[in-house]
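Single-letter residue listing:
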Amino acid sequence: DQQVKQNSPSLSVQEGRISILNCDYTNSMFDYFLWYKKYPAEGPTFLISISSIKDKNEDGRFTVFLNKSAKHLSLHIVPSQPGDSAVYFCAASPYSSNTGKLIFGQGTTLQVKP
Amino acid sequence: EPEVTQTPSHQVTQMGQEVILRCVPISNHLYFYWYRQILGQKVEFLVSFYNNEISEKSEIFDDQFSVERPDGSNFTLKIRSTKLEDSAMYFCASNAQGRHEQYFGPGTRLTVT
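A brief report on the enclosed structure follows. (Residues numbered from 1 in each chain as written. Chains lettered and ligands numbered in written order. Predicted model: local features only at pLDDT ≥ 70, side-chain atom pairs only at ≥ 80, totals over all residues. Heavy atoms only, no water.)

**Describing the state of the cysteines**
Residues and elements named next belong to chain A. Enumeration according to the criterion identifies two disulfides over all chains in this entry. Linked covalently through their sulfurs, Cys23 and Cys90 form a disulfide whose S-S length is 2.1 Å. Because the sign of the S-S torsion sets the handedness, a value of about -70° for the bond joining Cys23 and Cys90 places this disulfide among the left-handed ones. Taken together, the positions of Cys23 in strand S3 (residues 19–25) and Cys90 in strand S9 (residues 86–93) put the pair 67 residues apart, joining distant regions of the chain. As far as the burial class goes, Cys23 and Cys90 line up, both buried. (Disulfide = S-S within 2.5 Å. Helix = DSSP H or I, 4+ residues; strand = E, 2+ residues; numbered from the N terminus. Buried < 20%, exposed > 50% of the residue type's maximum accessible area, 1.4 Å probe, protein only.)

Right, dumping it as structure tokens:
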């Protein structure tokens, strides 16, 4: 079951530059998309989300873009900081209500070099 | 800031034994979930719980699994007879009415030997 895919297992960027993490999905019924950050030995931490009726959502250094026709979303982090180094998960909710499960991608490990 | 808590942080058990993983969701949240992550794999949904009953469960959540909200604060996952393949990180999550974002606990590492 590969409904949510993160094809890049890892990404390395220099501090201060932009980090772009990508996510593809196959199910056109997904209604809501979320990004989580995870440090080792901790649970996923919610970062930012976007509804399927929007194409962009911004929160500080984090911006999520949604391209529904391409079934693709991306997370932009500008400027990247060493503390951003973590595993980033894309997740999708197949329901219009808020009671539904999240379907996760495999994760992308981001390393931000000082 | 309110957070989801889970106990224990690490549980080691022998195959065939019963385990109970405990979670305290954020106090005003109404929807509760269990997920697991086998080492090196993606986070997988197990079960969702609302209004004292299961609202959805995955194929993983077979008869060996059960969930309970025994009081107003705890949410538990029981595995009746553990198997080696149950070894994983188990995460509890919760979310509020009208919100999609789920808040996760730190996880319980279950090791079945």
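**A word on the interface of chain B and chain A**
On the chain A side, the residues contacting the 22 residues of chain B number 26 residues. Where chain B touches chain A, the interface holds one salt bridge. Across the pair Glu56(B) and Lys101(A) runs a salt bridge whose closest N-O atoms are separated by 3.3 Å. Take the side of chain B that touches chain A: its biggest share by element is four residues, from strand S4 (residues 31–37) of chain B. Taken together, the residues of the side of chain B that touches chain A sort by class into ten nonpolar, eight polar and four charged. (Contact = heavy atoms within 4.5 Å. Salt bridge = Lys/Arg side-chain N within 4 Å of Asp/Glu carboxyl O. Nonpolar A, V, L, I, M, F, W, Y, C, P; charged D, E, K, R; others polar.)

**A word on the side chain of His76(A)**
Residues and elements named next belong to chain A. Structurally, His76 is set in strand S8 (residues 72–77). Look at His76 and you get buried, because its relative accessible area is 18%. Among the polar contacts listed, one links the side chain of His76 to the side chain of Ser74, at a separation of 3.4 Å. Dropping the residues within four chain positions of it, His76 is found in contact with Ile18, Ser19, Ile20, Arg61, Phe62, Thr63 and Phe65. (Polar contact = N/O pair within 3.5 Å; in protein donor to acceptor, adjacent residues only side chain to side chain.)

**A look at the packing of aromatic side chains**
Evaluated as defined, the whole model comprises 19 aromatic pairs over all chains. Arranged with centres 6.1 Å apart and planes meeting at 85°, the rings of Phe89(A) and Phe104(A) form a pair that is edge-to-face. Of the two residues, Phe89(A) is situated in strand S9 and Phe104(A) in strand S10 (residues 103–104); the sequence distance between them amounts to 15 residues. By relative accessible area, Phe89(A) is classed as buried at 2%. Residue class for Phe104(A) comes out buried when judged on its relative accessible area of 1%. Considering the side-chain rings of Tyr35(B) and Phe45(B), the 5.8 Å spacing of their centres and the 70° angle between planes classify their relative orientation as edge-to-face. Residue Tyr35(B) is located in strand S4, and its partner Phe45(B) is located in strand S5 (residues 43–50); the two are separated by ten residues in the primary sequence. Classification of Tyr35(B) by relative accessible area gives buried; the value is 0%. Clustering of aromatic rings is evident, with ring pairs tying together Tyr36(A), Phe46(A), Phe89(A), Phe104(A), Tyr33(B), Tyr35(B), Phe45(B), Phe91(B), Tyr103(B) and Phe104(B). (Phe/Tyr/Trp six-rings, centres within 6.5 Å; stacked < 30°, edge-to-face > 60°.)

**A closer look at the sheet that holds strand S3 (residues 19–24) of chain B**
Residue and element names in this part refer to chain B. One open sheet accounts for four strands, arranged S1-S3-S8-S7; its pairing is antiparallel. Single-partner strands in this sheet number two, and they are strand S1 (5–7) and strand S7 (65–68). Between one strand axis and the next, the sheet turns by 20° as a mean value, whatever way the strands run. (Pairing = 2+ DSSP bridges. Axes fitted to C-alpha atoms, helices over the stretch in contact; angles between N-to-C directions.)

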